[in-house]
Structures are given as structure tokens and as C-alpha cells.
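# Examining the three-dimensional arrangement
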Amino acid sequence: MAVLAKIRKRSALLIGAIALALFAFIIQDLIGKGGLGKNTKDIGTIDGKDISFEDFRVKVSNVEKSGQGITSTQAANQVWDQEVSVALLTSQFDKLGLRVGEKHLVEVLKADENIGKNPLFLNAAGLFDLAKFKDYFKANPEQAAVLQEREKSAELNAKFQIYSTLVKSGLYTTEAEGKLKYEMEANKVNFAYVAGLYSTIKDSQVKVTDAEIVDFMKKNEKKYKADESREIEYVLIEDKASKEDEADVKAKITALLSGSVVYNQKTAKNDTVAGFRTAPNAIDFVNSNSDVPYDSTYIAKKNLPAVDADQLFNLAPGAVYGPYKFGNYYCISKSFGKKAGVNAKASHILISYEGTQVPNKREKRTKEQALAKAQAILAQVNTNPDSFMMLAFSNSDDSSAQQGGDLGYFGPNQMVKPFNDFVFGNAIGKVGLVETPFGFHIIRITDKQDGIRLATVAQKIEPSEATSDKVFTQATQFEMDAASKDFAKLAKDMKLTVAAPVTVTGMEENFASLGNQRAIVRWAFEDDSKVGSIKRFELANIGHVIARVKSIDKSGLVPVTQARAYVEPILKNKKKAELIKAKMTGSSLEAIAKAAGSKVEQAANVTMENPVLGLVGAEPKVVGNAFALAANKVSAPIEGVTGVYVVKNVSTVKAPALKNHAAYVAKLKQQTAGDAGRILPALKANATIEDNRSKFNY
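Summary of the structure given here. (Residues numbered from 1 in each chain as written. Predicted model: local features only at pLDDT ≥ 70, side-chain atom pairs only at ≥ 80, totals over all residues. Heavy atoms only, no water.)

### Structural notes on the packing of aromatic side chains
Cut-off, in case you're wondering: Pairing of aromatic rings covers Phe, Tyr and the six-membered ring of Trp, with a centre-to-centre limit of 6.5 Å; geometry is then stacked below 30 degrees between planes, edge-to-face above 60, and tilted otherwise. Labels follow the DSSP assignment, with helices taken as runs of H or I lasting at least four residues and strands as runs of E lasting at least two, numbered in each case from the N terminus. Throughout, exposure labels follow a simple rule: accessible area from a 1.4 Å probe, protein chains only, divided by the maximum for the residue type, with under 20% read as buried, over 50% as exposed, and the rest as partly exposed. Charge over a ring is defined by NZ of Lys or CZ of Arg lying within 6 Å of the ring centre and within 35 degrees of the ring normal.
Counted according to the given criterion, the structure contains 23 aromatic pairs. Aromatic side chains phenylalanine 121 and tyrosine 136 sit 5.6 Å apart centroid to centroid with 75 degrees between the ring planes, which places their arrangement in the edge-to-face category. Placement of the pair is phenylalanine 121 in the loop between α5 (113–116) and α6 (130–139) and tyrosine 136 in helix α6, with a sequence separation of 15 residues. On the basis of relative accessible area, phenylalanine 121 is assigned to the buried category, the value being 0%. For tyrosine 136, a relative accessible area of 16% gives the class buried. Geometrically, the ring pair formed by phenylalanine 478 and phenylalanine 487 is edge-to-face, given 5.3 Å between the ring centres and 80 degrees between the ring planes. Each member of the pair, phenylalanine 478 as well as phenylalanine 487, is classed as buried. Here the aromatic residues Phe121, Phe128, Phe133, Tyr136 and Phe137 are joined through ring pairs into a cluster of three or more. The lysine or arginine in question, arginine 230, covers the ring of phenylalanine 525, its NZ or CZ lying 4.3 Å from the ring centre. Positioned above the aromatic ring of phenylalanine 276, the side-chain terminus of lysine 334 is 5.2 Å from the ring centre.

In C-alpha cells, the structure reads:
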């Protein structure tokens, strides 16, 4: 059974997708979580192929149980990406007629160490033995069933390897492309130009409407493609403690300071119970009366509540302080005394060597070389202590080098033992050399903090049942009234605040600053949720959200509110370009410059590979036009990146012809090495995909 367990752990086979991780899947025992679709039994359709909700749910459940620590929605998103990728690639495999033989399949299976290096399948020489592998599964039918499912993943993986090889083999760089690369680097153009920069026109002079932004996105649909979305506005009514609740908690904890008289039913007499001040065992008292158990840690002054830090830190042993407020708690504390040096602050310079646990060494060195360097730096520090920061910055192999070696404050045993022992065993200012598994450390102890140990009774400030009932009544009333009244006006009348609208897509979980509120998002995408729909949600430990669907966007484009920041500058520049072009009149550059209120500039030895114009920046379109012009010819106005340009070609200097452009072909091959990774995104962009996930529970 050990083999079965190991193979099950590896049931999700990682396929080396072209620049994308593609996970193959295995259907295990049907395990459901509940949840029904609204109008369809399918979770979605990919190029006409339906994805069954029941199969999808099983896979989501398996991912959740895989130990990745993800939510059901995250698991659903992961499985959906797998389904889409597998469906699109499988279609390509089928079109190409790809087949996989036993030899290729076995090679893929062997790549799994639980198979390829399993002692059960190795011969006397320690090599994988196919006969032993087959015999084992013939003798173990239950595990053979698992292997059959594993083989499906392996077959998919093997086909992908073939497909990936075919795609990469189809990518090549021609001699002509190499020649063009050479000419772009070596050909040079000299030209004069007049620039009308967009920055010369104030943004306030040009306006861009929402309709213009939408129209632009439609013309560039692939770039601004987005999932269907909902805009939700909401009111949050917090279920928090009232002033009365807070006063009650304060009174309750104050009463614990002094003794109390309680009736003892066994003796039929009143007993006097000691208060916190006189309790014979303060620790037991804390654990019996506090919402936070006793903590024996010594606390540095900086970690105490700021307002009460001085009083708490200077408490005499046995003295009591409080009540005081700390976060959402009212507290009373008794001092158990102070301890010196509970925290320390130090700086270090790490000199590592080959074989140490340091990922980014500045240079390769042996242990002996590292020790010699560390001793030399220690000598420098001892001679000139002020040099420590710069020496750390220029020599340390630790990331703390950027802070001059400063490690901040830390407590006992937070560092490796030799480092810890040096810091906590020596006084402030001590400098020394210590060896750890990371290398040699030149350490300087820069500070130490004393700490105080407190026994603290802390009682949480929470809303009372009466307060929670009042909040519930208010939230319910708002939900009912909002169905027939103006949402914003009602909130104002009830002295509530309408939060800024939140735009969400169907498979999101997070909702504004409220964190994971999947229920709100799912509701907004239900068939019954229209513009104006309202619903109240009770959020644990937060309160009540009354949400309203403000708008529904089925356009498939990025919401205008999000796109404006990117699209508006583009459209404003286009409008500015028209204003600038209207000024650029004249038969010569000088006349155009005068009309535009600009001047004639010169550009020398500019290449297409580096089409930069002085301080203006890259203007490839402008430079390209300059190359295209005959000598002394003047261009029409050109809309560039930073403004509108008119150019006059002074001269074009052609580079010497080369017999061979192999070096430039090699450059292009290096630049395009990752182009194969664009296959899967391209397949997705051209596929017809219907995604119904937002209509299901998992």
C-alpha cells in the first residue's frame, strides 16, 4: 500500500507547459460538497465541449484536500484553468493526430521519483526495470486501477512534450530578419525636426467622455477584454460595543481588583474572595478571570501600550496597575519584576563561503579565504568602529547589507546558537567574530532592552446582546426600506454611510476592505439579482452589510472607472495632437516652428534600434518617418509618443553590407526564445469559452 500512497500524492502531474504550469488531473472517488446550478448542469463550455458540474466539483474537492491551504473558490479557479488548458491542448493534439507509445509513456512515468526510483521497480544495478514494474501491478489489482488513472496524466504529458517540440521546431529566424536587425542597429539618420509637445497643452483644455473610452476599448477589444462584472454599493452597520458596553466591561474588571463577598451554598455562609491585588496566586487568578491566558514573557517597554507604558514598566514587584485600555481589551496588571537584556539589537557582516546556506554570495571563496577576509574586516572595525556600516554595505553576503548590517531587535534563541550566545552573553558595544552554518559573522552589539513580566487580566470589549439586537433591527429595517426608497437618501436619513462602489467579477472572493465575502459576490451574479436588487448579509465579527447592485456590465470590457486611468491619457493626447497639428502650417521647418511657437531641433546619428530624441525620449514612429524620407524632404505632422513632430531628412547613412548576418540571427533567436510560451494564451484568446462558475456553489 505504500506505493499506492506515494502515487496518490503525485496524482496531480505537473506538465512543463510553454511558460505556463499545466496540471493534469485524476478523477478519484466521487466526493461532493453540495451545491446546485441555477439554469444549467454544466460549469461551462470550451469550444463546444461541455464541462460537467459534477466532474468539476469532484476535482475542486480533490484540490481542496491536497493540502495547499486554499479556499474552495481558489480551488475552483485553479481547476477551471486546468480544464480550459487541457481542453484546448487536447483539441490541438487530436487535430495533429498525436499518438503516444508505451516507451514514451514509461519515460514520463519514470520521471516521477515515486516510480522511477522506487526500490520495488529497480534491478540489482539500481536501474528501473520495466518487467518488475509490470509484474508488481499485475499482482496488485487495486493499485493497478490507480496506475491506469495515472497513465492518463502521463499520456497527456507525453503528448504535450511532442507538441511543444513541434511548436519550437516551427519557430526559426531567417537571414533576412538578421539583416534587418543589423540595419536597424547600424543604419543612421540625421534630421531636423519641430516638436509640438502634448505637455504644452493643459489637460483641462481637452475632455474625454465615458462613451469615448468605451469606443476606444471596443476598437482595441483584445487589450481591454474583461470578465462580466457587477458594481455594488453598500452600507456597513458594524456590530461593535457601545459606550455602555465598554463602561460595563471597565466596571467588571475594576471590581476584580478588590475582594468580593459571595454566598457559599455548602456552608450557608458568606465567603470573602480575594481580589487581584491580594490574590495568593496571581497566575491562577489571571487564568480564571481573563479572556487571554497568562503569558510569562518579559515585555520590552516599546511593546507596552503607549499611553500606559511608563506606569506599567516602572511598576514595583507586586504592584497593580489599571484598569487601562489596550486595543479591544480592558486590562489590569500586576508586576512580577524586571529582567535586564531581554531583547538585543545587533549589526553584522556576513562572509560566507562555498557550501554554506547562503543563496546570493557576492563572490566564490573557500572557508579559509572567508575566515581570512572576516578577520581582516574585524581588524578594520576595531581600528575604526564608524566604518562598520560601509563595510557591511560593501562586503556582507546577507540582505541586511542594505541597512548597514542592522538586524533590528530580536529575542533570545531567534538567531542560530553561536550568534545568539555571543549577543546575549556580551555587553553593548562588544564586537567579535562568530562562525555559524551561514559563514563568519563580524558582530557588533548595538543595544539591549530590559523587560518586565506582567500578570494581566484582560477582558474583551464586545457588544452586548442588547447592542447586537439593536444593530440587527437597524440593519433589517434598512434592508426593508431600501427596497422602495432611494438608497443614498435612506442611508443619510439613518445617519449611515454608503461606501464607495465595489466592482467585482464572478469568481472573486474579496470584497473591498471586508476581506473574503464570497457570498456577496455570488449573490450579485445570481439570475434574480438585477440592477437595484438589495440584500442584507450578516458578517461574523463585523456586523451587517446591506448591498445593492448598482450596475451590471456584460460588455466584456474593463469597467470605464478602471480603464480611464490608462485610456484617458491616450485619448487626451489624440485631441491635443489635433490642436497642435492645426498650428503646424508652413512650407519650411522654420515657418512651421514659428507658427507652432516652437523651434527647429537637430537629431544626429539616430538608429531604429535606439530611436531616442534627446531628453524627449523614444520616438520610434518619428525616427522611422525620418528614415523613409528622401534627403531634404519634409514630412507631414507625425503623432508621436510625446507630441506631434514634423521632420526633415538631412542625410541617411547606410551601414556597410555584410556577407553574413549569423551574429544578428543569433541575437534574434535569443530574444524570441520564449515566443513558444504565447501558444496557450493565443489558443485561449481565439477560443469560444462560456464560464458559468459564478452560478454554482462548490
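### Considerations on the sheet that holds strand β4 (residues 49–52)
Rule in force here: Two strands pair if DSSP finds at least two bridges between them. Interaxial angle, 0 to 180 degrees, is taken between N-to-C directions of lines fitted to C-alpha atoms, where a helix line uses only the stretch in contact.
Read from one edge to the other, the open sheet built from 3 strands follows the order β4-β3-β23, with strand pairing classed as antiparallel. One side of each edge strand has no neighbouring strand; the edge strands of this open sheet are β4 and β23 (689–691). With strand direction ignored, the average angle separating the axes of adjacent strands in the sheet is 20 degrees. Relative to β23, strand β3 (residues 42–46) is paired through 3 bridges, and the arrangement is antiparallel. Bridging from a neighbouring strand, threonine 45 pairs with glutamate 690 of β23.

### A look at helix α14 (residues 388–395)
Side chains that are three or four residues apart share a direction in an α-helix, a result of its 3.6 residues per turn. Short version of the rule: Within this analysis, the arc is defined by the directions that extend from the helix axis to the C-beta atoms. Contacts: residue pairs with any heavy atoms within 4.5 Å of one another.
All of the buried residues in α14 are Phe388, Leu391, Ala392 and Asn395. Seen along its axis, α14 keeps its buried residues to an arc of 100 degrees; they face one direction. Of the exposed residues in α14, those oriented more than 90 degrees away from the buried face are Met389 and Met390. The inward-facing, buried residues of α14 abut β11 (329–351), α13 (367–383) and β14 (439–460).

### What to know about the packing of helix α9 (residues 210–219) against helix α19 (residues 560–583)
Packed helix pairs are characterised by how far apart their axes lie and by the angle those axes make with each other. The following threshold applies: Oblique is the label for any angle not under 35 degrees, not over 145, and not in the 65 to 115 range, which are roughly parallel, roughly antiparallel and roughly perpendicular in turn. Each residue gets one of three labels, nonpolar for Ala, Val, Leu, Ile, Met, Phe, Trp, Tyr, Cys and Pro, charged for Asp, Glu, Lys and Arg, and polar for the others, Gly among them.
Here α9 crosses α19 at 90 degrees, and the two axes come no closer than 9 Å. In terms of their interaxial angle, α9 and α19 are classed as roughly perpendicular. Contacts between α9 and α19 involve Asp210, Glu212, Ile213, Val214, Phe216 and Met217 from the former and Val560, Ala563, Arg564, Val567, Ile570, Leu571 and Lys575 from the latter. Considering only residue class, the contact of α9 with α19 consists of 9 nonpolar, no polar and 4 charged.

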